[in-house]
Amino acid sequence: MSAVEEIKQQVVIVGAGPVGLLGSWILTNLGVPVLLIERFPSRQPVPKAHALSPRSLEICRQLGISTAEIRTYGAPREEAMRVRFRTVLSGEELGTLPYERMDSGVFEFTPEMIHNISQPEFQDLLVRYLESKSEMFEIRRRLSFHGVIQEGENVLLDLKDEVTGEMKKLKTRFLIGCDGAGSAVRSAAGITMSGEPDSHRLMTIHIDANLKEVVGGDGCGMLNWILDPKGRGNFIGYNLAKNCVFMHHFDADKKPISAFTDEECRRIVDEAIGKKIPYNVLNKASWAHTRRVADTYCVRNVFLAGDSAHTFPPTGGLGLNSGIGDIHALAWRLAAVLNGWGGEALLASYSNERRPVAEICSHQSIKNGKKIFVLLKEFLSDSEDLDSAREKMHENLKDAEVRKRITDAIEFQREHFDNLNLHIGYKYIDNWQPTSSSDYVPSFEAGSRLPHAWIDLNRSSATFEHTLAPPPPTDLTYAQDPALLTDKRNSTLDLVHVSGLTLLVGPTCPAVDGLAASFKKASIPLRVAVVGQDFEVGSEWLKSSGLADGGALLVRPDQHVLRKVKAGENVDEVVNAAKTFVGQV
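Note that the coordinates shown come from a computational prediction; the quantities given were computed from them, not determined experimentally. Every chain's residues receive numbers from 1 upward, in the order its sequence appears when written. Totals for whole chains, interfaces and linings use every residue, but because this is a predicted model, local features are given only for residues with pLDDT of at least 70 and side-chain atom pairs only at 80 or more, for both listing and counting. Water and hydrogen atoms play no part in the side-chain values, which are based on all heavy atoms of the structure.

(A) Highlighting the overall build of the chain. Helix numbers and strand numbers start at the N terminus; a helix is a DSSP run of H or I with at least 4 residues, a strand a run of E with at least 2. Secondary structure summary: the chain contains 16 helices and 27 strands in total. In this description the radius of gyration comes from C-alpha coordinates, and the expected globular size is given by 2.2 Å times residues to the power 0.38. Over its C-alpha atoms the chain spans a radius of gyration of 25 Å, differing by no more than 12% from the 25 Å that the globule rule assigns to 585 residues. Per-residue burial for the chain yields a buried fraction of 59% across its 585 residues. In what follows, a contact means two residues having at least one pair of non-hydrogen atoms within 4.5 Å. Counting only contacts in the chain whose residues sit at least 6 apart along the sequence, the fraction spanning at least 24 positions is 71%. Carbon and sulfur atoms make up 49% of the accessible area of the chain, which amounts to about 23,300 Å² in all. Residue burial is assigned from relative accessible area. The probe radius is 1.4 Å, only protein chains are included, and a residue is buried under 20% of its type maximum, exposed over 50%, and partly exposed in between. Note on areas: Shrake-Rupley with a 1.4 Å probe; residue coverage comes only from the protein chains shown.

(B) Fine view of the packing of aromatic side chains. Under the pairing criterion, centres of Phe, Tyr and Trp rings, with the six-membered ring standing for Trp, must be within 6.5 Å; the plane angle then separates stacked pairs below 30 degrees from edge-to-face pairs above 60, leaving the rest tilted. Within this structure, the stated rule accounts for 14 aromatic pairs. Here the aromatic rings of Phe107 and Tyr478 are separated by 6.4 Å at their centres, their planes lie at 75°, and the arrangement is edge-to-face. Of the two residues, Phe107 is situated in the loop between strand E6 (93-98) and strand E7 (115-116) and Tyr478 in the loop between strand E21 (454-457) and strand E22 (490-491); the sequence distance between them amounts to 371 residues. Classification of Phe107 as buried rests on a relative accessible area of 4%. In textbook terms, an aromatic cluster arises when at least three aromatic residues are bridged by ring pairs, as seen for Phe174, Tyr297, Phe303 and Tyr350. Criterion for a charge above a ring: Arg CZ or Lys NZ at most 6 Å from the ring centre, at most 35 degrees from the ring normal. Taking the ring centre of Tyr426 as reference, the NZ or CZ of Arg354 above it sits at 5.3 Å.

(C) Summary view of the nonpolar core. What we call a nonpolar core is a set of buried Ala, Val, Leu, Ile, Met, Phe, Trp, Tyr and Cys residues that are connected through their side-chain atoms within 4.5 Å. If you look at the biggest cluster of nonpolar residues, it comprises 104 residues, and the most contacted ones within it are Leu27, Leu175 and Ile176. Considering every element that reaches this core, the biggest residue donor is helix H9 (residues 319-338), with twelve residues. Not counting residues within four places of it along the chain, the set of residues in contact with Ile176 comprises Val11, Val12, Ile13, Val14, Leu27, Phe303, Ala305, Ile327, Leu330 and Leu334. With 41 residues, the next largest nonpolar core counts Phe373, Leu397, Tyr440 and Leu484 among its residues.

Written as structure tokens, this is what we have:
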């Protein structure tokens, strides 16, 4: 039996994808050493996810990751702000929709517009950030996870060196599984999943073609749906000039995966483009259009985040972004416990809060997928002979009534490409069920993300001296709106630090001194930000938040409202609510 290595790191994360890397960044910034283990020797090249939602970018801002730097990678806004529906890529455009509110109107609700960046590029950026944490962070590659035993407050891990074949044992306090859909951590912890069986199969074909030359400068789009029966699918333009993926759906009962040779993949892509152009097939992979969510996200000291906790289709761009929300919600909790001010109830609330969000997002993804597949697979022709189906499609397009039905069917997809409410409007409350995935209404209700408003921040205030400094003003030049170019400001979200609670108060809150003293006595880290002293904000936000009437907002480290404190409310009640939430009582 191999000896047990007792490591200095109190948290081990399995899986060096974006969720595992971001978790490492959060924890090390909160003073928690992390060991990250990864079975592959290097990052996988497949582009995978392509969009960081406004909420994910808000989280990056809070964590000191420059969103301006993120925006130097991936697809520029002007090439990514449309979804286009075409016969073939070089053929007729049948309709277009906006992609995820990439217009300046979104800044009413968030300081960050969605940005399209390939998952590998985002991972590489996180790795570079983590290089500055060498004393707190260690990554061991070619090390695979094989089992876990929970012993008291610790976990004992079974690992395998993929180079030598040697088995190893490690002891640590907490284990986080960020190891993807086939999670070995989830299996070892005995966590089951619930959901729906495969409904469609898709083949992802990664190519290095310059599709920008095919569509022209005015025809660019983040997503290009191809309706031609011989090349039906979707081009994702990570960078239309050199890095694209074609997602081709197929019937696995009629065409086995083994049939997708490089030559067959090239034939399919050529049909979808509509003409032959030079490119290489870089790789290909098959995946199922399915929905599964773990029945719990934690068992004692073992936790799941990202695809290990939930898998659902990319129709809506909710998968990676849900994973970022998971690790943001989990990491500060673990740090609170390890730093002495959080208890077991705080850890238990992680699964209770994040799992319902994944359930809602997974159902919306399936809904989006079913709607688009109806358009792609059944709308224009039901013929199994593809040449005949193509002829039928072109014949149908001469019919004005058919044209109208196509226009209506494309308009029916609008919600699919506008998920703002799911991105920033999710609430940590019992039985939250959004009426729309698109229509976001700001709320100061407990459990809601703190509503965004532009603020003028007093950076010289003593309030920000001893806690994580607020991020720099938002650079909105990428939005290409002249009205915004001189309007580089901070957001109310920037007032909230990830290392403790934040109390936002108006200039007339009588209880502020008593609240600050009571939180200090309870050893709960608290930042107090006062209107007029630390920041200025518009009157509408002040009134809606209750700050104008002498009230206050108690905000969690993850930027969600913990309590809307009314003027004159008993200090002890507020503090006891906070102590209950963090698991001290």
